[in-house]
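Structure assessment
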Amino acid sequence: MQAAPPVRATVIPSFTDALRAVESLLMSGGQRTARRNAWTSVLEDRRRAKDRVEAQRVLEQTATAMRLRAPAATESPRG
């Protein structure tokens, strides 16, 4: 007696599944581009934030140095 061959069930995709598959094929390049653009924007925002922090630090250092160099307000310019 021979064993029966295994039964293979073929699942027929629903209409929704078929539309999603077509959409993913058509939109995959666009999604990839959108993700790449979004990541580039994140990196650019981080760079700008780093630049702002650096500029703020330089401004604060400059202001501190100017206060240390400026003559006291109570001193007379002629002495």
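We now turn to the structure provided with this report. (Residues numbered from 1 in each chain as written. Predicted model: local features only at pLDDT ≥ 70, side-chain atom pairs only at ≥ 80, totals over all residues. Heavy atoms only, no water.)

1. Points about a nonpolar patch on the surface
Just so we agree on the cut-off: Each patch is built from residues that are more than 30% exposed by relative accessible area and take part in no salt bridge. Like charges join if they lie within 9 Å; nonpolar side chains (Val, Leu, Ile, Met, Phe, Trp, Tyr) join within 5 Å. For accessible areas, the Shrake-Rupley method is used with a probe of radius 1.4 Å. Any residue's cover is judged against the shown protein chains and nothing else. The working definition used for a salt bridge is a side-chain nitrogen of Lys or Arg within 4 Å of a carboxyl oxygen of Asp or Glu. The helix and strand labels rest on DSSP assignments: H or I over at least four residues marks a helix, E over at least two residues marks a strand, and numbering proceeds from the N terminus.
On the surface, a cluster of nonpolar side chains totalling about 310 Å² of accessible area is made up of Val 22, Leu 26 and Met 27. Relative to the assigned elements, Leu 26 resides in helix 1 (residues 15–69).

2. A closer look at helix 1
For the α-helix, the turn length of 3.6 residues means that residues three or four positions removed from each other point alike. What counts here: Helices are assigned an expected span. That span is 1.5 Å times one less than the residue count. The term bend refers to the angle at a residue between two fitted axes, each drawn through seven residues, those ending there and those starting there.
When the terminal C-alpha atoms of helix 1 are compared, their 78 Å separation across 55 residues agrees well with the 81 Å that a helix rising 1.5 Å per residue should span. At Met 27, helix 1 shows its strongest bend, of approximately 55°.

3. Regarding the pattern of salt bridges
Convention followed: We call a residue buried when its accessible area falls under 20% of the maximum for its residue type, exposed when it is over 50%, and partly exposed in between, using a 1.4 Å probe and counting protein chains only.
The tally for this structure, following the rule as stated, stands at five salt bridges. A salt bridge links Asp 51 to Arg 47; the shortest N-O distance between them is 2.6 Å. Taken as a pair, Asp 51 and Arg 47 lie in helix 1 at a separation of four residues, close to a single helical turn. When its relative accessible area of 39% is taken as the criterion, Asp 51 is described as partly exposed. With a closest N to O distance of 2.5 Å, Glu 54 and Arg 57 form a salt bridge. One end of the pair, Glu 54, and the other, Arg 57, are both in helix 1, three residues apart, so they sit about a helical turn from each other.

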